[in-house]
Protein chains: 2
Amino acid sequence: MKEKQTENIWGRGFKRTKQREEVYGILEKSAVPVTAQEIYKILLLEKPKECQYALSTVYRVLNAFEEHHLVKKSFLPGEDMARYELERNIHEHYAVCLVCHKRVPISKCPFESGGIQVAEDGFDITGHRIELYGYCRACRQRDNRTGDR
Amino acid sequence: MKEKQTENIWGRGFKRTKQREEVYGILEKSAVPVTAQEIYKILLLEKPKECQYALSTVYRVLNAFEEHHLVKKSFLPGEDMARYELERNIHEHYAVCLVCHKRVPISKCPFESGGIQVAEDGFDITGHRIELYGYCRACRQRDNRTGDR
DNA sequence: TTACCTGCAAAGTGTTTGCAGATGT
DNA sequence: ACATCTGCAAACACTTTGCAGGTAA
């Protein structure tokens with residue numbers, strides 16, 4: 001079966017529909033945080049006739065996923081569109097290529113082992129975000145003579 | 001004089017205007033990354049008659065500042081509006097209160113002293129962002145019985 | 001004087017929403 | 001059967017842009 005452990009996602013007023021499965025599958029396959037519009041384009045390419053997808057549905061599905069803590073929404077610097085990625089259970093951070101958006105994990109989270117102090121007593125840290133930006137080897141090599149940005 | 005070291009900002013086709021000074025002043029006074037619309041409201045409150053400000057001007061000023069690397073644009077998780085803050089010359093990171101947006105510096109940048117490895121050779125890191133989120137002491141105390149979020 | 005800014009209004013763009021019909025359980 | 005989804009189109013909110021007049025250098 002192609003069910004994987006995706007099963008436990010659905011339930012309690014959270015219906016399993018073809019559109020949601022498709023979007024989830026795209027997020028699962030992607031090594032890169034994607035935008036709603038990118039997901040929409042992939043849907044149209046992969047399943048041109050099986051189902052008429054609407055962009056608004058993609059947004060609604062992503063929002064539903066976010067509410068159920070299945071995906072994380074984020075912005076890359078210089079971009080104004082939201083990107084979505086699957087919420088992985090492991091605590092990990094990535095370096096993101098500014099060209100192809102590939103994510104490469106970094107060795108360890110510097111905040112896991114403590115050692116970072118906030119300069120105000122009583123500040124209650126509930127979360128953090130670490131993002132490294134740069135150019136992955138492939139994009140560097142391909143565009144190696146365009147030194148701009 | 002109220003000139004401060006703001007002087008060296010202007011020049012080379014970058015004109016000093018009242019609107020730009022006002023916006024810069026607001027950014028300078030604010031301990032919090034602000035949105036364009038917040039700046040606009042502050043302008044209307046502070047100088048109701050001296051000058052007719054346009055929201056689009058605020059955006060243009062902020063974009064100009066960004067191009068000249070005077071301000072940094074960023075998004076807070078769960079927010080879709082851009083926030084702007086002065087680009088401080090010192091390399092520093094902050095913990096941001098999700099309620100009042102106050103920023104509290106953290107002790108040191110964990111990436112300054114190396115030690116973080118990217119799991120791909122040849123990945124060229126050009127920048128990073130670290131953001132800690134949580135609730136500052138004041139907001140915690142004020143809203144201490146609303147345990148939601 | 002000239003290039004650069006601004007206010008205004010109109011256009012853009014990413015995202016959301018109302019509604020009637022369709023679908024999952 | 002019923003609540004929950006979906007497609008469509010219209011609505012939204014933040015941001016950008018064209019233009020004519022204004023301002024700094």
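Note that the structure is a prediction, hence the values are computed from the model and not measured.

Trainee: How should I be thinking about the relation of the copies chain B and chain A in this particular structure?
Mentor: One chain copy maps onto the other through a rotation about an axis and a shift parallel to that axis. Overlay of chain B on chain A (RMSD 0.1 Å): rotation 179°, translation along the axis 0.0 Å. Both copies are brought into coincidence by an operation consistent with a two-fold rotation axis. Residue Ile 130 of chain B, judged by its C-alpha, is the member of chain B lying nearest the rotation axis, at 2.3 Å. Comparing contact sets, 100% of the residues at the interface of chain B also lie at the interface in chain A, consistent with an isologous, same-surface contact.

Trainee: Just checking my understanding: could you explain the sheet that holds strand E3 (residues 83-86) of chain A for this structure?
Mentor: Pairing between the strands of a sheet comes from backbone hydrogen bonds, and it takes one of two forms, parallel or antiparallel. All names here are of chain A. Taking strand neighbours across the sheet as the criterion, the three strands line up as E1-E3-E2 in an open arrangement whose pairing is antiparallel. Each having just a single partner strand, strand E1 (34-35) and strand E2 (71-74) make up the two edges of the open sheet. One ladder, built from two bridges, connects E1 with E3; its direction is antiparallel. Looking at the pairing, Val 34 lines up with Tyr 84 of E3.

Trainee: Which parts of the structure should I look at to understand the interface of chain B and chain A?
Mentor: A common way to express how large an interface is: the accessible area buried when the components associate. Across the contact, 40 residues belong to chain B and 41 residues belong to chain A. Buried area between chain B and chain A, both sides added, is near 3,400 Å², and the carbon and sulfur share of it is 58%. For the pair chain B and chain A, the interface holds four salt bridges. On the surface where chain B and chain A come into contact, there are ten residue pairs in polar contact (both at pLDDT 80 or more). Only strand E4 (94-97), strand E5 (103-105), strand E6 (124-135) and helix H4 (137-142) of chain B provide two or more residues apiece to the side of chain B that touches chain A. With twelve residues, E6 of chain B is the largest single contributor of residues to the side of chain B that touches chain A. Pairing analysis gives eleven bridges linking strand E6 (residues 124-135) of chain A to E6 of chain B, with the strands arranged antiparallel. When the sheet's bridge partners are listed, Gly 134 of chain A is paired in E6 of chain B with Ile 125 of chain B.

Trainee: Sorry if this is basic, but what is going on with the confidence of the model for chain A here?
Mentor: Low pLDDT marks regions whose predicted coordinates should not be analysed in detail. Residues and elements named next belong to chain A. Here chain A shows a mean pLDDT of 80. Residues at 70 or above account for 85%. Looking across chain A, the model is least confident in E6, with a mean pLDDT of 80, and most confident in helix H3 (residues 55-67), with 95. Here residues 1-5 is modelled with pLDDT under 50, and outside its nearest four sequence neighbours on either side it reaches two contacts, counting other chains as well.

Trainee: Please explain the protein's contact with DNA strand D as it appears in this structure.
Mentor: Taken together, 24 residues lie near DNA strand D, and Lys 15, Thr 17, Gln 52 and Thr 57 of chain A together with Tyr 59 of chain B sit nearest. Expressed as a percentage, the sugar and phosphate content of the atoms of DNA strand D within 4 Å of the protein is 65%. Within the backbone of Gly 13 of chain A, a nitrogen or oxygen atom sits 3.2 Å from a sugar or linking oxygen of DNA strand D. One of the side-chain N or O atoms of Asn 63 of chain B is found 3.0 Å from a phosphate oxygen in DNA strand D. For the surface near DNA strand D, the leading source of residues is helix H3 (residues 55-67) of chain B, giving five residues. A class-by-class count of the residues in the surface near DNA strand D yields nine nonpolar, nine polar and six charged.

Trainee: Could you clarify how one ought to interpret the packing of helix H1 (residues 18-29) of chain A against helix H2 (residues 36-46) of chain A in this entry?
Mentor: To characterise two packed helices, one gives the angle between the axes of the helices and the distance between these axes. Residues and elements named next belong to chain A. Packing of H1 against H2 leaves a shortest axis separation of 10 Å and a crossing angle of 110°. Accordingly, the angle class assigned to the pair H1 and H2 is roughly perpendicular. On H2, the residues that touch Glu 22, Val 23, Ile 26, Leu 27 and Lys 29 of H1 are Ile 39, Ile 42, Leu 43 and Glu 46. Residue composition of the contact of H1 with H2, grouped by class: six nonpolar, no polar and three charged.

Trainee: Got a minute to help me understand the protein's contact with DNA strand C in this structure?
Mentor: Lining the immediate surroundings of DNA strand C are 24 residues, of which Tyr 59 of chain A together with Thr 17, Gln 52, Thr 57 and Arg 60 of chain B lie closest. Near the protein, meaning within 4 Å, the atoms of DNA strand C are sugar or phosphate in a fraction of 68%, with bases accounting for the rest. Contact distances for DNA strand C include 3.0 Å between a phosphate oxygen and a backbone N or O atom of Ala 82 of chain A. Counting residues per element, the ones that place at least two in the surface near DNA strand C are H3 of chain A together with helix H1 (18-29) and H3 of chain B.

Conventions we followed
- Residues numbered from 1 in each chain as written.
- Chains lettered and ligands numbered in written order.
- Predicted model: local features only at pLDDT ≥ 70, side-chain atom pairs only at ≥ 80, totals over all residues.
- Heavy atoms only, no water.
- Least-squares fit on C-alpha atoms with pLDDT ≥ 70 in both.
- Contact = heavy atoms within 4.5 Å.
- Pairing = 2+ DSSP bridges.
- Helix = DSSP H or I, 4+ residues; strand = E, 2+ residues; numbered from the N terminus.
- Buried area = accessible area lost by both parts, 1.4 Å probe.
- Salt bridge = Lys/Arg side-chain N within 4 Å of Asp/Glu carboxyl O.
- Polar contact = N/O pair within 3.5 Å; in protein donor to acceptor, adjacent residues only side chain to side chain.
- pLDDT = per-residue confidence, 0-100.
- Near = heavy atom within 4 Å.
- Nonpolar A, V, L, I, M, F, W, Y, C, P; charged D, E, K, R; others polar.
- Axes fitted to C-alpha atoms, helices over the stretch in contact; angles between N-to-C directions.
- Parallel < 35°, antiparallel > 145°, perpendicular 65-115°, else oblique.

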